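Examining the three-dimensional arrangement
Here is what each chain is made of, one letter per residue.
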Amino acid sequence: MTTDAPEAWKRWHEQRVETVSAAYGPLALTATHWIEDYPEGRLPDIPGIWATDGAGVVLTTAEADGLTVDGRPFTGGLPLTADGGPAAGSRVALGRKRLSVLVREGVWGVRVYDPESAARRDFRGIEATSYDPHWSVPGRYTPYDGPRIVRVGNADGRERGLALAGELAFTLAGRERTLQVARQGDGRLWAVFADTTSGDTGFRFRFLHPEAPDGDGRTTVDFNRAQLPPCAFADHFICPFPPPGNTLDLAVTAGERALT
């Protein structure tokens, strides 16, 4: 353990609290609407007509709808693709609300982020265990021969594919263990995992984001930075559940545990 590890963890935790409680952070999500569920194009409590054309979303809006696009009032028809960045940068807005376009497995939807949401107003913090060096261990990443897609349940009750890039091996509590992981665009790994505390003294599953492995596959598996998934902050996220094999048979008491 480096001498500044506890301080680094403290800064990470403070940054997490700031991120989730931001005006358009996870706590601000108040709805996710799938356009195919509304064939007439009228989404609940959202003005305009929202349709899909196979390549994206087509929004048709009138002056009375009060929608803005790229910060300016807009009327007429407009093709939209998925918003790739933070919700604060979504192109379409209704007052202070941001309407973010998303797509999952070819199904298009619209998310509503409201900085006045009850969840954001009532937020008091994230319960997290103080840094413990025993929960930070060396790991080795081994990529698969090619991407593997496994079907897993999602928090919204639907099943979707989860792309897995390889396996992360590490020794914890005297035993070698593994997690199936995805690889993100910046090279970092992403694991969706559960343990014996999940759904009992902690949230039912969590995310872990180990740093990008080096050329020999080496990285650090630091459960002090295990974090709650977005669906812990708002019911309208569609977080994937852990894939088969990613439920550890020990109590991982480190990291984020629940909302306070």
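Above this note sits the structure.
Summary of the structure given here.

So, how was this worked out
- The numbering scheme is per chain: residues are counted from 1 as the chain's sequence reads.
- Two thresholds apply to this predicted model, a pLDDT of at least 70 for residue-level local features and 80 or more for giving and counting side-chain atom pairs, whereas whole-chain, interface and lining totals are computed over all residues.
- For side-chain calculations, the full set of non-hydrogen atoms in the structure is used, while hydrogens and water are omitted.
- In short, DSSP must find at least two bridges between two strands for them to pair.
- Comment: elements are numbered from the N terminus, with helices defined as DSSP H or I runs of at least four residues and strands as E runs of at least two.
- Cavities and pockets are defined on a 1 Å grid built over the protein atoms alone: a cavity is a set of grid points where a 1.4 Å probe fits but cannot escape, while a pocket is an open set with protein on both sides within 12 Å along at least five of seven lines, and lining residues are those with an atom within 4 Å of any such point.
- Grid points are joined across faces, edges and corners, and a volume is the space filled by probe spheres set on the points.
- Charged residues are taken to be Asp, Glu, Lys and Arg, nonpolar residues to be Ala, Val, Leu, Ile, Met, Phe, Trp, Tyr, Cys and Pro, and polar residues to be all remaining types, Gly included.
- Exposed residues in this analysis have more than 50% of their type's maximum accessible area, buried residues have under 20%, and partly exposed residues fall in between, with area computed by a 1.4 Å probe over protein chains only.

1. Digging into the sheet that holds strand β8 (residues 97-104)
Taken in spatial order, the six strands of this open sheet run β1-β9-β8-β7-β4-β5, and their pairing is antiparallel. This sheet does not close on itself; its edge strands, each paired only once, are β1 (29-34) and β5 (72-73). When β8 meets strand β9 (residues 107-113), the two strands line up antiparallel, connected through seven bridges. Each bridged residue has a counterpart across the sheet, and for leucine 99 the counterpart in β9 is valine 112.

2. Observations regarding the layout of surface pockets
Estimated volume of the largest pocket: approximately 1,200 Å³. Taken together, 38 residues make up the lining of the largest pocket; nearest its centre are Arg104, Arg111, Tyr113, Pro230 and Phe237. Among the elements of the structure, α1 (5-20), β8, β9 and β12 (159-172) are those that each provide at least two residues to the lining of the largest pocket. When residues of the lining of the largest pocket are assigned to their parent elements, the largest contribution, five residues, is made by β8. Class assignment of the residues belonging to the lining of the largest pocket gives a composition of 23 nonpolar, nine polar and six charged. The space that makes up the second largest pocket amounts to roughly 510 Å³. In this structure, the second largest pocket is lined by 20 residues; those nearest its centre are Trp12, His209, Glu211, Asp222 and Arg225. When its residues are assigned to classes, the lining of the second largest pocket shows nine nonpolar, six polar and five charged.

3. What about unusual backbone geometry?
The phi angle of most residues is negative, glycine excepted, and most peptide bonds adopt the trans form. Backbone geometry places aspartate 45, a non-glycine residue, at a positive phi of 60 degrees. The residue aspartate 45 is located in the loop between β1 and β2 (49-52) in this model. Looking at aspartate 45, the relative accessible area reads 76%, which means it is exposed. Phi at aspartate 70 takes a positive value of approximately 55 degrees, unusual for a residue other than glycine. Checked against the element boundaries, aspartate 70 lands in the loop between β4 (67-69) and β5.

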